[in-house]
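Structural features, examined
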Amino acid sequence: SPSVPDYDSPSDSNLDSTKLQLELFMNEVRQQILLPEIRSYLQLYRAISLSKLARLMNTDESTFRSHLLALKHKSWSEVGHPEYPPLAGEFRSVAGIDFYIDKDIVHIADLDVGVKYGEYFIAQIERLDDYSIALCSRSQRPGGR
């Protein structure tokens, strides 16, 4: 019959499922703890040797290769659309980057190919500053032209 678990007793069988779930969750956390750091290094490069990335992460190449494969595997998710049923989505990478390894060189592609509005905005501000400086220098010359 159902009963309230005795949290003080470590041998309570009602806590077995909680312990198992916690253990599975902690295993998943340990597997994914390095993935954000690896992703940030990959965003800095277009191509880099596997050995250099492994040195940056203070690990050996074979271990780092398994971390890369974990990143590749864990960054895919089913992405749906609000108008369709939940399971009608498609699998896509949600990491924002894609990469492949060819002869111990990691080649990285940026999946966010949209317009970079921030960079465009800054370029336009710099252009406006150049025009402003040119106009100020023209108006300070004798004759105004």
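Below, the structure is looked at part by part. Just so it is clear, the model here is predicted, and its values are computed rather than measured. (Residues numbered from 1 in each chain as written. Predicted model: local features only at pLDDT ≥ 70, side-chain atom pairs only at ≥ 80, totals over all residues. Heavy atoms only, no water.)

1. What to know about the nonpolar core
- Core analysis: the largest hydrophobic core is formed by 16 residues, its most contacted members being I38, L42, F64, L68, F99, V106 and I108.
- Breaking this core down by element, the ones donating at least two residues are helix 2 (35-44), helix 3 (50-56), helix 4 (61-74), strand 4 (97-102) and strand 5 (105-110).
- Not counting the four nearest positions on each side in its chain, L68 is found in contact with I38, L42, L50, F99, I101 and V106. (Core = buried A, V, L, I, M, F, W, Y, C linked by side-chain atoms within 4.5 Å. Buried < 20%, exposed > 50% of the residue type's maximum accessible area, 1.4 Å probe, protein only. Helix = DSSP H or I, 4+ residues; strand = E, 2+ residues; numbered from the N terminus. Contact = heavy atoms within 4.5 Å.)

2. Re the sheet that holds strand 1 (residues 47-49)
- In spatial order, the strands read 1-5-4; together these three strands make up an open sheet with antiparallel pairing. Of all the strands in the sheet, just strand 1 and strand 4 have a single pairing partner and so form its edges. Taken pair by pair, the neighbouring strands of this sheet meet at an average axis angle of 25°, ignoring direction.
- The pairing of strand 4 with strand 5 spans six bridges and is antiparallel. Following the sheet pairing, D98 is matched in strand 5 by A109.
- Against the sheet, helix 4 engages strand 4 and strand 5, with an angle of about 140° to strand 4. (Pairing = 2+ DSSP bridges. Axes fitted to C-alpha atoms, helices over the stretch in contact; angles between N-to-C directions.)

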